[in-house]
Amino acid sequence: MDLGLRDRVAIVAAASRGIGFAAARELAREGARVFLCSRDLERASEAAEKIHAETGAEVSALQADVTSDEDAEKFVNAARETAGRVDICVTNAGGSPASTFGETDLEMYRRAFELNALSAIRLARLVVPAMREQKWGRLINITSISVKQPIDGLLLSNTIRAGLTGWAKTLSTEVAADNVTVNNVAPGYTLTERQDELATARSRNTGKSKAEMIELWASQIPMRRLASAEEIAAAVAFLASERASYITGVTLQVDGGWVRSLF
Ligand code: NAD
């Protein structure tokens, strides 16, 4: 299937590693012109060079912290000044820490809202008006399966991402007539550095080894394994594509069957 992504201009946030990196690489493989960012310019540049070497696509790296208004604006402006427009925006950031209700103070909620909700809303505010004018746009938020089935111990993710999902659905309705789609990709347990860190944190609390933690997660997944970042990225590329032109307002879980609900 030709995804129709050749020469589309994509920005991918938080993409020096993990799911963001894999999404940037998949879009580049499909022929998109990619701009990626991370808080650290060196790491972002290494990621861009790696993707360019693998795909031959033009990939630019920028330093931007997605919790900063100024950095987000610089990121979007750089893409626009170089490529003339932004067609695809993939919002992403690091994950909020694992905590229970008793361990979570108000400041932690505020930080999680900044990191996992406002970071996406901020980028959307910068790109969606022009997408509406050009009558073509794709906004894809990386969220989590926690929006369909909350995960024990991930109070902040369970709380904040549900809010972002409500926001995305509302936005999708407002902009649909302008041929701008808004969707979320909700990864299940995915083998990235983040997951490695979570396994270490959980193993400290449970007395299990990191490998045992990963095995335990795998045992709860019908496919009996964690996802690769590439498997999440494939869903991002599809939703970004011309082929997904009539899909908007959805959360596509990519979880090996982990979520047990019907929708
Ligand atoms: P990761 O920690 O491996 O990578 C996160 C990337 O974001 C890194 O490149 C990091 O430098 C960058 N980043 C972090 N904070 C940033 C900021 N403020 N500004 C700019 N860049 C920033 O994480 P991942 O596993 O790839 O996960 C990506 C997202 O998906 C996270 O929000 C995570 O919670 C969510 N998620 C992951 C899983 C999983 O199993 N890995 C499952 C569900 C949801």
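Residues numbered from 1 in each chain as written. Predicted model: local features only at pLDDT ≥ 70, side-chain atom pairs only at ≥ 80, totals over all residues. Heavy atoms only, no water.

Structural notes on the nonpolar core
Here comes step 1: Counting 37 residues, the largest nonpolar core has Val12, Leu27, Val34, Leu36, Val59 and Val185 as its most contacted members.
Here comes step 2: Looking at this core, the elements with two or more residues in it are strand S1 (9-12), helix H1 (18-29), strand S2 (33-38), helix H2 (41-55), strand S4 (88-91), strand S5 (137-142) and helix H8 (229-240).
Here comes step 3: Counting residues per element, this core draws most heavily on H8, which supplies eight residues.
Here comes step 4: Those residues within four positions of Val185 in sequence are excluded, and the remaining contacts are Ile140, Asn141, Ile142, Thr143, Ser144, Ile232, Ala235, Val236, Leu239, Leu252 and Val254.
Here comes step 5: Of all hydrophobic cores here, the second largest spans 27 residues; its members include Val9, Leu123, Val128 and Leu171. (Core = buried A, V, L, I, M, F, W, Y, C linked by side-chain atoms within 4.5 Å. Buried < 20%, exposed > 50% of the residue type's maximum accessible area, 1.4 Å probe, protein only. Helix = DSSP H or I, 4+ residues; strand = E, 2+ residues; numbered from the N terminus. Contact = heavy atoms within 4.5 Å.)

Let's talk about empty space enclosed by the protein
Here comes step 1: Tallied over the full model, the rule gives one cavity of 30 Å³ or more.
Here comes step 2: Estimated volume of the largest cavity: approximately 30 Å³.
Here comes step 3: Around the largest cavity, the lining residues are Ile151, Leu154, Tyr189, Gln195, Leu198, Arg202 and Trp217.
Here comes step 4: Here the lining of the largest cavity gets three residues from one element, more than from any other, and that element is helix H6 (residues 193-206).
Here comes step 5: Of the residues belonging to the lining of the largest cavity, the class tally is five nonpolar, one polar and one charged.
Here comes step 6: Mapping the lining of the largest cavity onto the domain boundaries places at least three of its residues in each of domain 1 (9-189 + 227-254) and domain 2 (191-226). (1 Å grid on protein atoms, 1.4 Å probe; cavity = no way out; pocket = protein on both sides within 12 Å on 5 of 7 lines; lining within 4 Å. Points joined across faces, edges and corners; volume = space filled by probe spheres on them. Nonpolar A, V, L, I, M, F, W, Y, C, P; charged D, E, K, R; others polar. Domains from an automatic or database assignment.)

Description of the pairing of S5
Here comes step 1: Burial analysis of S5 places six of its six residues in the buried class, the great majority of the element.
Here comes step 2: Residue alternation in S5 divides its side chains into two sets, Gly137, Leu139 and Asn141 and Arg138, Ile140 and Ile142, and both sets are buried.
Here comes step 3: Taken together, S4, helix H4 (residues 106-134) and S5 constitute a β-α-β crossover, and its handedness is right-handed.
Here comes step 4: Pairing geometry for S5 and strand S6 (residues 180-187), over six bridges, is parallel. (Right-handed = clockwise from strand over helix to strand, strands pointing away. Pairing = 2+ DSSP bridges.)

A word on the domain arrangement of the protein
Here comes step 1: Partitioning the protein into structural domains gives domain 1 (9-189 + 227-254) and domain 2 (191-226).
Here comes step 2: Just the C-alpha atoms count here: the centres of domain 1 and domain 2 sit 24 Å apart.
Here comes step 3: Listed by partner, the interface residues are 14 residues for domain 1 and 13 residues for domain 2.
Here comes step 4: Together, the buried faces of domain 1 and domain 2 total about 1100 Å²; carbon and sulfur atoms form 49% of this surface.
Here comes step 5: Among the residues domain 1 hides against domain 2, the three largest losses belong to Arg17, Tyr189 and Ala227. Together they make up 56% of the total.
Here comes step 6: Summed over the shared surface of domain 1 and domain 2, the result is two salt bridges.
Here comes step 7: The residue Glu197 makes a salt bridge to Arg17 at a minimum N-O spacing of 3.2 Å. (Buried area = accessible area lost by both parts, 1.4 Å probe. Salt bridge = Lys/Arg side-chain N within 4 Å of Asp/Glu carboxyl O.)

Observations concerning unusual backbone geometry
Here comes step 1: Within the chain, Asn179 stands out as a residue other than glycine whose phi angle is a positive 65°.
Here comes step 2: With respect to the helices and strands, the residue Asn179 is situated in the loop between helix H5 (155-175) and S6.
Here comes step 3: The backbone of Arg224 shows a phi angle near 60°, a positive value even though the residue is not glycine.
Here comes step 4: Structurally, the position occupied by Arg224 is in the loop between helix H7 (210-219) and H8.

A few points about the packing of aromatic side chains
Here comes step 1: According to the stated counting rule, one finds two aromatic pairs in the structure shown.
Here comes step 2: Taking 5.1 Å as the distance between ring centres and 20° as the angle between the ring planes, the aromatic pair formed by Tyr189 and Trp217 counts as stacked. A residue pair is termed long-range when its members are at least 10 positions apart, and Tyr189 in the loop between S6 and H6 and Trp217 in helix H7 qualify at 28 residues.
Here comes step 3: Taken together, a centroid distance of 6.0 Å and an interplanar angle of 80° make the contact between Tyr189 and Trp258 edge-to-face. (Phe/Tyr/Trp six-rings, centres within 6.5 Å; stacked < 30°, edge-to-face > 60°.)

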